[in-house]
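# Reading the structure
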Amino acid sequence: MSARKEAKEERGAPPAPQPSPQTAATPVKSRSAKAGRNLPAAISVGVGFGVLLVLGLIYQPVFVAIATGAAALGAWEIGHVLNTRRGYGIPEYLLGALSGAIVVVSFLFGFTGLGIALAVSLLALLLSSALVRADRQVSLGKSLSGSALALLWVPLMLGIAMVYFQTDHGERGILMILLMAICNDTFGFIAGVNWGKHPMAPKISPKKSWEGLAGSFVGSAVVGAIALAVMGSPWYWAIPLAAVMVVASTAGDLVESVFKRRMGVKDMSNILPGHGGMMDRLDSILFAAAAGCLIFRFIMPL
């Protein structure tokens, strides 16, 4: 090809496209809004929850209201996902209302009230599923099993915590559990991001690693030991307590991961801006709260 022909073709060729400012800024935007999360909204919701929890530890009715709302929303989310994804035909609003009521009854009447409330709620859901709902695509027994799953997963765990909360040192125990749960998540995240190389359950939760689990244990044990010493209790209780709390928290997180994978959902709902659903925040707390409160009630009282 001659030089003149090459120059002619070069003059006739359109100029190379230049990235627009919006296109060039896309990577930065994707980094700041990871996985579609609204970071400012997530921070605002988290701070709001923190303030409410502090108020609840000072004034018991606030904490009871928080636990009641969390149980109602969490159980409703489970029923809603089972209905929309599998056609269970669960009366999800009744499920949410009964779950909130179970928490209140547990606070007022202890373990006896918790057991009776669970039995009555299961019976009410059975009758409602059998007589009222017409959109059920599974057997009545399977629908009832979905209701039972929600009741045992959310209000039972929070109910156990509320039974302990109304005791003399309930506020101290709940504060201890919250501190250790926060340290479990924070130190586990730091250790997992920086040193995580060995996945714990790659098919269920690929981001969880054994190194992160070790970080969770160390962080929870250190902070727990400091808190116990300040409260006047033996600091070394923090070591077995941290082990139980870390195992319970991890189990709760994995249980929800399995549930969401089987249902084919990323978040349980979009109720909490920047966080997803209530269950996406309760997943690791529910089992840990129940386990910690049982330990404080029967094994190592504060």
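To be clear, the structure that these remarks concern was listed above.
Residues numbered from 1 in each chain as written. Predicted model: local features only at pLDDT ≥ 70, side-chain atom pairs only at ≥ 80, totals over all residues. Heavy atoms only, no water.

### Details of the overall build of the chain
- Each helix and strand in the chain was counted, giving twelve helices and two strands.
- In the chain, which comprises 302 residues, the proportion classed as buried is 43%.
- Nonlocal contacts in the chain, meaning residues at least 24 apart in sequence, comprise 72% of its contacts between residues at least 6 apart.
- On the chain, roughly 16100 Å² of surface is accessible, and the fraction owed to carbon and sulfur atoms is 69%. (Helix = DSSP H or I, 4+ residues; strand = E, 2+ residues; numbered from the N terminus. Buried < 20%, exposed > 50% of the residue type's maximum accessible area, 1.4 Å probe, protein only. Contact = heavy atoms within 4.5 Å. Areas by Shrake-Rupley, 256 points an atom, 1.4 Å probe, with all protein chains shown as cover.)

### Points about helix H5 (residues 60-86)
- Taking 1.5 Å of rise per residue, 27 residues should cover 39 Å, and H5 covers 39 Å from first to last C-alpha, within 8% of that figure.
- Immediately beyond the C-terminal end of H5, within one or two residues, lies Gly-87, with a positive phi of roughly 65°. (Expected span 1.5 Å × (residues − 1).)

### A closer look at the pairing of strand E2 (residues 205-209)
- As paired strands, strand E1 (residues 199-201) and E2 are joined by two bridges and run antiparallel to one another. Its bridge partner lying in E2, Pro-199 is registered against Ser-209.
- Here E1 folds back onto E2, and the loop between the two strands holds three residues. (Pairing = 2+ DSSP bridges.)

### Points about the pattern of salt bridges
- One pass over the structure, following the stated rule, counts three salt bridges.
- Asp-253 is the partner of Lys-208 in a salt bridge, and the nearest nitrogen-oxygen pair spans 2.8 Å. In this pair, Lys-208 sits in strand E2 while Asp-253 sits in helix H11 (residues 238-263), placing the two residues 45 residues apart along the sequence.
- Given the relative accessible area of 18%, Asp-253 is considered buried. (Salt bridge = Lys/Arg side-chain N within 4 Å of Asp/Glu carboxyl O.)

### A few points about the packing of helix H7 (residues 140-153) against helix H8 (residues 155-165)
- Here H7 crosses H8 at 25°, and the two axes come no closer than 3 Å. Comparing their axes, H8 and H7 come out roughly parallel. Side by side, H7 and H8 meet where Ala-150, Leu-151, Leu-152 and Trp-153 of the first sit next to Pro-155, Leu-156 and Met-157 of the second. (Axes fitted to C-alpha atoms, helices over the stretch in contact; angles between N-to-C directions. Parallel < 35°, antiparallel > 145°, perpendicular 65-115°, else oblique.)

### Topic: the packing of aromatic side chains
- Inspection of the entire model under this criterion finds seven aromatic pairs.
- Ring geometry for Trp-76 and Tyr-93: centres 6.3 Å apart, planes at 35°, overall tilted. Residue Trp-76 is located in helix H5, and its partner Tyr-93 is located in helix H6 (residues 92-131); the two are separated by 17 residues in the primary sequence.
- We classify Trp-76 as buried; its relative accessible area is 17%.
- Taking relative accessible area as the criterion, Tyr-93 reaches 63% and is therefore assigned exposed.
- Pairwise contacts between aromatic rings join Phe-63, Phe-107 and Phe-165 into one cluster. (Phe/Tyr/Trp six-rings, centres within 6.5 Å; stacked < 30°, edge-to-face > 60°.)

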